[in-house]
Amino acid sequence: MMMTSSFYYDLPEQLIAQHPAARRDASRLMLLDGDSGAVTHRVFSDLPGLLEPGDCLVLNNTRVIPARLIGCRTDSRTPVEVVLLRRLSADLWETIVRPGRRVRQGHQLEFIPDRLSAEVESVLPDGNRLLRFKYEGAFEAVLSEAGQLPLPPYIHEKLQDPERYQTVYACHDGSAAAPTAGLHFTPELLAEIRARGVSTTQLTLHVGLGTFRPVKARSVEEHQMHAEYFTLPASTVEAINSTRAAGGKIIAVGTTTTRVLESVAAKYPELKPLSGSTDIFIYPGFEYKIVDRLITNFHLPESTLIMLVSAFAGKEAVMSAYKEAVEREYRFFSFGDAMLLNRRTKPLEDVEPISRDFNLNVTDDFSADAESCGLT
């Protein structure tokens, strides 16, 4: 049994970044080698020189939607906050509603008088609500007018420029949170990476707010992971397969990219284009098949994300690196600094390989080919 508490670390509140760095690529970059545990310190703009010609950088091109809506119940005028999580059909969304105890099945909600309203169709077992929206015109246009970006709960300062919570290559609407490892890239940095002979390619995973939820189970194995929608295009599969055949390394930008690639690789003998949803839960003992290097931010204590990173580079090495990051006053979480990790290849004697199954619900086997966003 692996205890959730073993992934705890003490983080002073002042190290939680409340705003982005002045320049996207000006953040600090910690390098961690999973085999040796060696740590070095650079800045993110050094990244091109840390990659090798023939490698392939894989980016998540999802775009955060203005998923936070402020409205009220039409009968009592009780204020409510709604966060859109997942679109189930044209007008039906799975949502988080606060305060949930005051919003029950059948209640009518209003956000813009005569233009945007919703009915609570049902209350799900986990407390989320299914809302059926009614609106005038295109939903995306109304949402753009009424909604706000749903910043993580640990960010308390107002974001002056909403585009700083989007990657520069974001183009497919659908996320309730940003794939934050990608926030450090600029068009110029991507061009420099390509000029070095490193290819870049894209996939899509729409990030849900479940990524911020703490693991409440006492043991890691008891935790149930949330599902997220993804598209792995044929062009990306081709780029990855050709890179691996030539001996190059696959560098995943973010845990979201990692979850897509390792989900497909865990279910199929060969990587192939797919669309669907995955609730894969990666923690120490997981056998990585695709990703060789990982770019990621520093994650919350006892979160599924720090567990994924610990599975990648070794728990002892990761927790030691986090301790050093705190001592050196790195900036943490969504607007914080980054890590570049080399995957551990040596087996860990005290960790048993895991064979935990997960749901990979495929919606489209071979026509998954979401277009890239123009910067790769």
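As shown above, the structure is provided for reference.
Residues numbered from 1 in each chain as written. Predicted model: local features only at pLDDT ≥ 70, side-chain atom pairs only at ≥ 80, totals over all residues. Heavy atoms only, no water.

Observations regarding empty space enclosed by the protein
Okay, step 1: All told, the structure shown has three cavities of 30 Å³ or more when counted by the stated rule.
Okay, step 2: Surrounding the largest cavity, Pro 20, Ala 21, Arg 23, Arg 24, Ser 27, Arg 164, Leu 183, His 184, Arg 331, Ser 334, Phe 335 and Gly 336 form its lining. (1 Å grid on protein atoms, 1.4 Å probe; cavity = no way out; pocket = protein on both sides within 12 Å on 5 of 7 lines; lining within 4 Å. Points joined across faces, edges and corners; volume = space filled by probe spheres on them.)

Brief notes about the pairing of strand S9 (residues 116-123)
Okay, step 1: Inspection of the sheet shows strand S8 (residues 108-112) paired to S9 by four bridges, in the antiparallel sense. Bridge pairing links Gln 108 to Glu 119 in S9.
Okay, step 2: Connecting the antiparallel pair S8 and S9 is a turn made up of three residues, with Asp 114 showing a positive phi of about 65 degrees.
Okay, step 3: Between the antiparallel neighbours S9 and strand S10 (residues 129-135) lie five residues, among them Gly 127 with a positive phi of about 95 degrees. (Pairing = 2+ DSSP bridges. Helix = DSSP H or I, 4+ residues; strand = E, 2+ residues; numbered from the N terminus.)

A look at the packing of aromatic side chains
Okay, step 1: Scanning the model with the defined rule gives 17 aromatic pairs in all.
Okay, step 2: Ring plane angle 85 degrees and centroid distance 5.1 Å describe the contact between Phe 286 and Tyr 288, whose orientation is recorded as edge-to-face.
Okay, step 3: Three or more aromatic residues joined by ring pairs make a cluster, and in this case those are Tyr 9, Tyr 154, Phe 298, Tyr 322, Tyr 330, Phe 332 and Phe 333.
Okay, step 4: Here the basic side chain of Lys 267 rests over the ring of Phe 358, its NZ or CZ set 4.7 Å away from the ring centre. (Phe/Tyr/Trp six-rings, centres within 6.5 Å; stacked < 30°, edge-to-face > 60°. Lys NZ or Arg CZ within 6 Å of the ring centre and 35° of its normal.)

Details of the sheet that holds S8
Okay, step 1: In space, the six strands of this closed barrel follow the order S5-S6-S7-S10-S9-S8, with antiparallel pairing throughout. Mean inter-strand twist for the sheet, computed between neighbouring axes without regard to direction, equals 45 degrees.
Okay, step 2: Its contacts with the sheet put helix H2 (residues 139-146) on strand S5 (68-73), strand S6 (79-87), strand S7 (92-98), S8, S9 and S10, and the angle it makes with S6 is roughly 140 degrees. (Axes fitted to C-alpha atoms, helices over the stretch in contact; angles between N-to-C directions. Contact = heavy atoms within 4.5 Å.)

Focus on helix H6 (residues 304-313)
Okay, step 1: The buried count for H6 comes to ten of ten residues, which makes it a mostly enclosed element.
Okay, step 2: Residues of H6 that are buried: Thr 304, Leu 305, Ile 306, Met 307, Leu 308, Val 309, Ser 310, Ala 311, Phe 312 and Ala 313.
Okay, step 3: Its buried side turned inward, H6 meets strand S1 (28-33), helix H5 (255-267), strand S16 (293-297), helix H7 (315-327) and strand S17 (338-342).
Okay, step 4: A positive backbone phi angle near 100 degrees is found at Gly 314, which sits one or two residues after H6. (Buried < 20%, exposed > 50% of the residue type's maximum accessible area, 1.4 Å probe, protein only.)

Considering the environment of Gly 34
Okay, step 1: One can find Gly 34 in the loop between S1 and strand S2 (39-43).
Okay, step 2: Through-space distance from the C-alpha of Gly 34 to that of Leu 341 is 6.9 Å; in sequence the pair is 307 residues apart.
Okay, step 3: Setting aside chain neighbours within four positions, we find Gly 34 in contact with Ala 313, Asn 342 and Arg 344.

Looking at the nonpolar core
Okay, step 1: If you look at the biggest cluster of nonpolar residues, it comprises 76 residues, and the most contacted ones within it are Tyr 9, Tyr 165, Leu 232, Leu 261, Phe 332 and Leu 341.
Okay, step 2: When neighbours within four sequence positions are excluded, Leu 341 is seen to be in contact with Leu 32, Asp 292, Arg 293, Leu 294, Thr 296, Val 309, Phe 312, Ala 313 and Val 318.
Okay, step 3: Within the second largest apolar cluster, 21 residues are counted, among which are Leu 31, Leu 47, Val 198 and Val 253. (Core = buried A, V, L, I, M, F, W, Y, C linked by side-chain atoms within 4.5 Å.)

Concerning the packing of H5 against H6
Okay, step 1: The contact between H5 and H6 brings their axes to 11 Å, and the two run at 65 degrees. Helix-helix and strand crossings are classified by hand; for H5 and H6 the assignment is left-handed. Mapping the contact onto sequence places Thr 255, Thr 258 and Arg 259 in H5 and Leu 305, Leu 308 and Val 309 in H6. (Left-handed = near helix turned anticlockwise from the far one by under 90°.)

Overview of the layout of surface pockets
Gaps left between atoms show up when a probe the size of a water molecule is rolled over them.
Okay, step 1: If you add up the space inside the largest pocket, you get close to 1,100 Å³.
Okay, step 2: What lines the largest pocket is a set of 37 residues, among which Leu 85, Arg 86, Glu 94, Gly 208 and Ala 227 lie closest to the centre.
Okay, step 3: Put simply, the parts of the chain that give the lining of the largest pocket at least two residues each are S6, S7, H2, strand S11 (172-175), strand S13 (228-232) and strand S15 (274-278).
Okay, step 4: For the lining of the largest pocket, the per-class residue count stands at 16 nonpolar, twelve polar and nine charged. (Nonpolar A, V, L, I, M, F, W, Y, C, P; charged D, E, K, R; others polar.)

A look at the side chain of Gln 166
Okay, step 1: The topology assignment puts Gln 166 in the loop between H2 and S11.
Okay, step 2: In this structure the side chain of Gln 166 is engaged in a polar contact, spanning 2.8 Å, whose partner is the backbone oxygen of Val 64.
Okay, step 3: Not counting residues within four places of it along the chain, the set of residues in contact with Gln 166 comprises Arg 24, Arg 63, Val 64, Leu 149 and Leu 183. (Polar contact = N/O pair within 3.5 Å; in protein donor to acceptor, adjacent residues only side chain to side chain.)

Re the environment of Ser 355
Okay, step 1: Relative to the assigned elements, Ser 355 resides in the loop between S17 and strand S18 (360-364).
Okay, step 2: The exposure class assigned to Ser 355 is exposed, which follows from its relative accessible area of 74%.

Side note on the pairing of S10
Okay, step 1: In this sheet, S10 lies alongside S7 in antiparallel orientation, the contact comprising four bridges. The residue of S10 that forms the bridge with Thr 95 is Arg 129.
Okay, step 2: Pairing geometry for S9 and S10, over seven bridges, is antiparallel. Following the sheet pairing, Glu 119 is matched in S10 by Arg 132.

Honestly, that's just the spatial picture; any functional story needs more than this.
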